[in-house]
Amino acid sequence: MPKSDKFVIEAHSLTKKYKDFTALSDLNLEVEKGEIFGFLGHNGAGKTTTVNILTTLLEPTSGNASVCGFDTQKDSLEVRKRIGYLPENVKFYEDLTAFENLEFFAKLSGIREPKDKIEEVLDFLDFKGFENKKLGEFSKGMRQRIGIAQAIIHDPEVLFLDEPTSGLDPMGIKNLREVIIELNKKKGITIFMNTHLLSEVAKTCTTIGVLNHGKLIYKDSLPNTLKKFKDEVSLEEIYLNIESK
Amino acid sequence: MQKIITIAGKEYQDSTRNKLFLILLAFLFVLTVTSIAVASSDFQSKVVEYNKSVQILSSLGKSGETISAPQFFPLKMLRGVMDYLEIIGAIIGIILGYLSIAKEKGKNTLQLLLSRPLGKFDIASGKFLGNSLLVLSVLAIEAFTTYFIMWSVGGAQLSLVEIAKLGFVLLASYFYVMFFFCFTSVLVLKFRSLPNALIVSFVVWLIFVLIIPQIGDTMDPDNQIPGGFFKSMSIAKPQEKEIMARFKTYETVRNAVEESSVTKHYERLSFALLGIKDEYNGKSVGYVLKDRWNDWVWVAAFFGIALFLEYFAFRKRSFLNKTD
Amino acid sequence: MFFTIATVSKSEIRSLIRQKTFVLMLAVFLFMASFSAYIGWSTKNTIRSVYAQTVKEMTAQGIKEIPNNPFLSTPPLSILKNMVVYVFLIGSLMAIIIGHSSFIRERRAGVSKIIFSKSIGKWEFVLGKMGGIFLALMLINVISFALSFFSITIIFSHFLSISEAFNLLAFYGTSLVYMLFFAYLGLFFAIVSKSESLALLAPVMFWIFISFVMPQLTSALDPTALLNPTSIQTPAPQNNFFQIAQSIIHPFSVSESYKSIGRSLLQGDSSSYPLFPLVVYLIVVAGSCFYGVKQFNICEAEIDQ
């Protein structure tokens, strides 16, 4: 049963341990509906582990989390009906065409006749004309578009993006940024984005959270953050300032 | 030469640490020991039976020579062992060939090897040498185990001629196993996908080792009835040959099917050397080798061609690009 | 739920048809299915002539008591007897490859994370895979059945009676169960193995063990005898080792069980085994697949070669 209307993502005392290594330690986090939440942290800070737990792919060692009001462990299927997910370095069936890949994933999301939906999504992403090409022939930027397409094809309420700009050229990054903002504004999708590209956070996100060694050390809206650290020249300096504290 | 020996040493070490290879080796030894132990105990009971009969006759005051001594050919006991070498020996060759190349290709250590000041064929030679030594040691242990069981369970002694014959069988076995080694190495070098190379090797193994000999075997009219057709008709061997001579075309086709498989040549050669084919029993090494030269040529040719292809595949560095 | 399972099964069959190695193995198998009828027919013709020739020779020698043609009473289906060996050898190995490639596909493509972020459960996914494998193998056996049926009708000019057709159908049904066991074995190792090569070699090791090691330990038959569809089950040598080994291992020797059932269906051989060891094996390995996928770590699903 849904727990709350205000927050689409809630995590309470979330901990994940791998033998002796603690990837996530007592994480408490809330993300409001309609936000574009930028989740920052250095490599190995625990960002991907958090996303894996929130998308139900991984079970926490302790603590709990809910997405759209559903518990990620007890109601994982309900959660998955409401989310879209773009993993880092997204991969597809290389031997299938873009259309076949999207058709397969759409059907797994329960869409019985996905043809029209695929056309609509590709239209929205301005990516028509490539449907019948095999994914093996696609560039990184094109794959990322198909990655977004598969993530939004079932009209999710929340979209999880894990390092979405990784490996993209400047033009690819710009296009992706536009798509993310449009998805948020036009379709009202809440976006949770793992990244360490601070320039993108500054241009895209409404709220930021900073994770360090598995602990959330900072969370506030972007305007507030800029206000709080008004002496710093750039977001990069703000980030380093937060991390050093 | 030092570099080749270093590579060979690593090959030997890597394979002896590989669990799959060790499991396969365990299978081979379990099968060998069971098969030879059964044959040896059978052999021994026949010897005991004969000695008993002689004793009874002597106690009755008759000469033991009145019952002719059965012909004991201990090497015949190796029939099962040879069958298992045909099947599992070939798989050992495939696994070694696969591991030898796949471990470098899969982890991209081939680039590291190639960045060293090595001669054009040093890697190929090192790998071939290391695996040759490994195969030879497996075969030597196999021969020793077999001999030990034959001697301890069956009480069989081997003459110098028989030991020499065994030596030639070992050599043929080496060619046979290394054919599969080289062949698989070539496939793994050439294929983009390592598992696909392995699957194709197994398909070839299936065709050469099991299907072709099986077709030849089941096409044999004498094999159509348990115990043999001619036996059921009480027809003797010379008459059987006379009758079958009238079916020359059919027999030629059947023979051609069998001849297309390296396994069948290896089997014919080793069965002749070990006297499993009765007509070669008691014949000299020279006679058997001369009579089966055709099979020698085939086995050596299959091995030689595969070895050549392996070196050929190593000649250019382009195989580096063929990693998935 | 059924819809998502069916989607996975459908995608499974599509990907199999596009795979070169699968097509190669399928071609070998179907060729052997047709060829076995030809071999049977050609051998039978030859053996008739050999018998006639033998009778001639014997009559010329003045032998009066000539045994009856031992092939006179062989049932028509027996010309397909090689098929038992081909399913035992090629069919099972092909099944391993089908099962293996089915789950490796997702792990190799690196799409596990996307798949399990959709509204499909792990067990639904593996059920879809198993369904796809079942359908693919069923299709292969149906084609083989048709090939056998028509080759007997055409080459042998014999139209199968209802009971013969039923026996042939039962033979391919049993073959389907046997192949399914190996396919699910391949699937299981594809789920639990860390490397793709290991995932392929591990079931092949099982295959060698089941096909060659077990029969040797229980009956001491030469491998050549194992491959000859004519040789009947011989009793194990009378010594303690074999008696103990036979009592322990024999009920589990699924390859002997399959060959025996196959022979009795095609040749009217009476030394038959019950089907249940095969079914038990199938259930155990299918259960293992569910257990394996339950433990499957989606976040570390990508596989090395």
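Each remark here, short or long, concerns the structure printed above.
Residues numbered from 1 in each chain as written. Chains lettered and ligands numbered in written order. Predicted model: local features only at pLDDT ≥ 70, side-chain atom pairs only at ≥ 80, totals over all residues. Heavy atoms only, no water.

S.K.: Sorry if this is basic, but what is going on with the overall build of chain C here?
M.R.: Tallying secondary structure elements over chain C gives eleven helices and zero strands in all. Residues counted as buried form 61% of the 305 residues belonging to chain C. The contacts in chain C between residues at least 6 apart in sequence include a share of 81% that link residues at least 24 apart. Accessible surface computed for chain C: about 11,700 Å², of which carbon and sulfur atoms make up 69%. (Helix = DSSP H or I, 4+ residues; strand = E, 2+ residues; numbered from the N terminus. Buried < 20%, exposed > 50% of the residue type's maximum accessible area, 1.4 Å probe, protein only. Contact = heavy atoms within 4.5 Å. Areas by Shrake-Rupley, 256 points an atom, 1.4 Å probe, with all protein chains shown as cover.)

S.K.: Could you clarify how one ought to interpret the packing of helix α5 (residues 122-155) of chain C against helix α6 (residues 162-192) of chain C in this entry?
M.R.: For any two helices packed against each other, one specifies the inter-axial angle together with the distance between the axes. Residues and elements named next belong to chain C. Running from N to C, α5 and α6 cross one another at 145°; their axes reach a closest spacing of 9 Å. Considering only the axes of α5 and α6, their crossing is right-handed. When grouped by side-chain class, the residues that make up the contact of α5 with α6 number 20 nonpolar, four polar and one charged. (Axes fitted to C-alpha atoms, helices over the stretch in contact; angles between N-to-C directions. Left-handed = near helix turned anticlockwise from the far one by under 90°. Nonpolar A, V, L, I, M, F, W, Y, C, P; charged D, E, K, R; others polar.)

S.K.: Help me out: how do you make sense of the pattern of salt bridges in this one?
M.R.: It is possible for side chains bearing opposite charge to pair when their charged atoms get close. Scanning all chains against the criterion turns up 32 salt bridges over all chains. In this structure, the salt-bridge partner of A:Glu119 is A:Lys115, at a minimum N-O distance of 3.6 Å. With A:Glu119 and A:Lys115 both in helix α4 (residues 115-124) and four residues apart, the pair spans about one turn of that helix. In this structure, B:Lys127 engages B:Glu104 in a salt bridge whose closest nitrogen and oxygen atoms are separated by 2.9 Å. Of this pair, B:Lys127 sits in helix α5 (residues 122-152) while B:Glu104 sits in helix α3 (residues 79-106); the two residues are 23 residues apart in sequence, bridging distant segments of the chain. A relative accessible area of 1% places B:Lys127 in the buried class. One salt-bridge network, in which partners are shared between bridges, spans B:Glu251, B:Arg254, B:Glu258, B:Glu259, B:Lys264, B:Glu267 and B:Arg268. (Salt bridge = Lys/Arg side-chain N within 4 Å of Asp/Glu carboxyl O.)

S.K.: Sorry if this is basic, but what is going on with the packing of helix α7 (residues 194-219) of chain B against helix α3 (residues 82-109) of chain C here?
M.R.: The interhelical angle for the contact between α7(B) and α3(C), taken along N-to-C directions, is 175°, at an axis separation of 10 Å. Classified by the interaxial angle, the pair formed by α7(B) and α3(C) is roughly antiparallel. Between α7(B) and α3(C), the residues in contact are B:Pro195, B:Ile199, B:Phe202, B:Leu206, B:Leu210, B:Ile211, B:Gln214, B:Ile215 and B:Thr218 and C:Asn82, C:Val85, C:Tyr86, C:Leu89, C:Ile90, C:Leu93, C:Ile97 and C:Arg108, respectively. (Parallel < 35°, antiparallel > 145°, perpendicular 65-115°, else oblique.)

S.K.: Where do I start with the arrangement of the chains in this structure?
M.R.: Ranking the two pairs of chains in contact by contact count places chains B and C at the top. Separated throughout, chain A and chain B approach each other most closely at a C-alpha pair spaced 13 Å apart.

S.K.: Please clarify how the interface of chain C and chain A should be interpreted in this entry.
M.R.: For an interface, size is often stated in terms of accessible area lost upon the parts coming together. Taken residue by residue, the interface counts 26 residues in chain C and 30 residues in chain A. Looking only at chain C, the three residues that lose the most surface to chain A are C:Phe3, C:Ile114 and C:Lys118, adding up to 24% of its buried area. Remark: the boundary between chain C and chain A carries three salt bridges. Residue A:Glu100 pairs with C:Arg18 through a salt bridge whose shortest N-O separation is 2.7 Å. For the side of chain C that touches chain A, the elements supplying multiple residues, two or more each, are α1 (2-18), α3 and α4 (112-116) of chain C. (Buried area = accessible area lost by both parts, 1.4 Å probe.)

S.K.: Teacher, can you tell me more about the state of the cysteines here?
M.R.: Disulfides are covalent bonds that connect the sulfur atoms of two cysteines. Residue and element names in this part refer to chain A. Counted under the stated rule, the structure contains zero disulfides over all chains. Unpaired in this structure, Cys 68 has its nearest cysteine sulfur neighbour in Cys 205, at a distance of 18 Å. Judged by its relative accessible area of 10%, Cys 68 falls in the buried class. (Disulfide = S-S within 2.5 Å.)

S.K.: Help me understand the interface of chain B and chain C in this model?
M.R.: Contacts between the two partners involve 54 residues from chain B, matched on the other side by 58 residues from chain C. Carbon and sulfur atoms supply 76% of the area that chain B and chain C bury against each other, a total of about 5,200 Å² over both sides. If you look at where chain B meets chain C, you find zero salt bridges. At the boundary of chain B with chain C, the tally comes to three residue pairs in polar contact (both at pLDDT 80 or more). Looking at the side of chain B that touches chain C, the elements that each hand over two or more residues are α2 (19-59), α3, α7, α8 (229-232) and α9 (237-244) of chain B. Looking at the side of chain B that touches chain C, the element that brings in the most residues is α7(B), giving 16 residues. Residues that form the side of chain B that touches chain C fall into these classes: 36 nonpolar, eleven polar and seven charged. (Polar contact = N/O pair within 3.5 Å; in protein donor to acceptor, adjacent residues only side chain to side chain.)

S.K.: What is the right way to look at the packing of aromatic side chains in this model?
M.R.: Working definition: an aromatic ring pair is given by the centre-to-centre distance plus the angle between the planes. By the definition in use, this model includes 48 aromatic pairs over all chains. A ring pair is formed by A:Tyr93 and A:Phe104, whose centres lie 5.6 Å apart and whose planes are at 75°; its orientation type is edge-to-face. You can see A:Tyr93 sitting in the loop between β6 (83-86) and α3 (98-108) and its partner A:Phe104 sitting in helix α3, a full eleven residues away along the chain. Taken individually, A:Tyr93 and A:Phe104 each receive the classification buried, so the pair is uniform in this respect. Both rings, one in B:Tyr174 and one in B:Phe175, keep their centres 6.0 Å apart while their planes meet at 45°; by these two values the pair is tilted. Residues B:Tyr174 and B:Phe175 agree in their burial class; the two are buried. Members of the aromatic cluster, joined through ring pairs, are C:Phe145, C:Phe149, C:Phe150, C:Phe159, C:Phe171, C:Tyr172, C:Tyr178, C:Phe181, C:Phe182, C:Tyr258 and C:Tyr281. The ring of C:Phe3 has A:Arg112 lying over it, and the distance from NZ or CZ to the ring centre is 4.5 Å. Of note, A:Lys187 hangs over the ring of A:Phe124, and the distance from its end group to the ring centre comes to 4.8 Å. (Phe/Tyr/Trp six-rings, centres within 6.5 Å; stacked < 30°, edge-to-face > 60°. Lys NZ or Arg CZ within 6 Å of the ring centre and 35° of its normal.)

S.K.: Would you take a moment to explain the side chain of A:Glu131 for this structure?
M.R.: All names here are of chain A. In this fold, Glu 131 is placed in the loop between α4 and α5 (140-152). No salt bridge forms around the buried Glu 131; measuring N to O, its nearest opposite-charge neighbour Lys 128 is 4.9 Å away. A polar side-chain atom of Glu 131 sits 2.8 Å from the main-chain amide nitrogen of Gly 129. Residue contacts for Glu 131: discarding those within four places in its chain leaves Thr 97, Ala 98, Phe 99 and Leu 122. (Lys, Arg positive; Asp, Glu negative; His and termini not counted.)

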